[in-house]
Amino acid sequence: MDRLTALKSIAAEASRGELSFPTNVDATLKLQRALGEPDCHTEMAARLVQAEPLLAARTVAIANSVAYNRAGHDVTNVRAAVQRVGFRTLGALAASVIVRQLASEIVDPGLRAKADALWIHSAHVAALAQVIARRVSFVDPETALFAGIVHEVGGFYLLSRAEEFPGLVDDCADEWIEHGEVAIGRGVLLKLGVPVPVMGAIEALWNGMRALPPETLGDTLLLAKDLAPFPSPLHERPGASTMDSAATIDFTVGEGTLAQVLAESAEEVKSLTAALL
């Protein structure tokens, strides 16, 4: 089977909801759904999080990041971390574990390197999206963080299937954009139960249209993706902004430029990214 046929086949399966996930993803999906139940309280959430070591470690790390620990008082246990970050951030962190688990069974070193690079990109986009949301576009920062975490989930799913089809992701940018990104991304996002506003923002990202300064969640996500210092290994968007060009973008709010906001928030972005990695 040639590369394009294989890609179209995977995309068609995803469109039909026929997705092949590692078993640990199913377990974390159940945990994520449990965290979203109306009767889930802090004690129950802490117990659920403790059952997933990676999620527990990430929750404590995020709680102690600059974005959530402005007073400089570190927490040392999951319960305190859950109380500090809140259930919505906890849902985003569960999603980050799921995204990483999609590629957890990759053996091929080249594909593993691509998956690691894609997560580094996603973590930076998530951290930048949260800061841009809070400081510039004034959309919900936690939703922006979540959108950044999951925006490349289709790419992770593609990489998880790539060992079945040698050469599938070699110089595949054009084919991925035309035949895979939307169909596979949409299928996986639906499977993960991603909220409609986040789906809409990622759809806007695929369309590549945005306003400057950013006004919507989609604008926020696209600007964060363009400004991420590590591009996606699957494709680099043509015409993307850079950190240098950010200095020329002025806001309609306040008197600062995007470069100033990013400079002022650099430690926060660094801390958030490190916690997600």
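What comes next is a walk through the structure. (Residues numbered from 1 in each chain as written. Predicted model: local features only at pLDDT ≥ 70, side-chain atom pairs only at ≥ 80, totals over all residues. Heavy atoms only, no water.)

What the chain contains, in helices and strands, is 13 helices and zero strands. Across the chain, helices and strands are ordered from the amino to the carboxyl terminus as α-α-α-α-α-α-α-α-α-α-α-α-α. Relative to the compact-globule value of 19 Å for 277 residues, the chain shows a C-alpha radius of gyration of 18 Å, a close match. Each of the three principal axes of the chain carries a C-alpha extent, and together these read 55 × 50 × 35 Å. Counting across all 277 residues of the chain, residues that qualify as buried make up 52%. A separation threshold of at least 6 residues defines the contact pool for the chain, and within that pool the share at least 24 residues apart is 70%. (Helix = DSSP H or I, 4+ residues; strand = E, 2+ residues; numbered from the N terminus. Rg over C-alpha atoms; globule rule 2.2 N^0.38 Å. Buried < 20%, exposed > 50% of the residue type's maximum accessible area, 1.4 Å probe, protein only. Contact = heavy atoms within 4.5 Å.)

The next point concerns the environment of Ser122. Here Ser122 shows up in helix H6 (residues 109-137). Ser122 gets classed as buried once you look at its relative accessible area, which sits at 0%. Between the C-alpha atoms of Ser122 and Glu152, which are 30 residues apart in sequence, the distance is 6.9 Å. Sequence-distant contacts of Ser122, that is, excluding residues within four places in its chain, are made with Gly148, Ile149, His151, Glu152 and Phe156.

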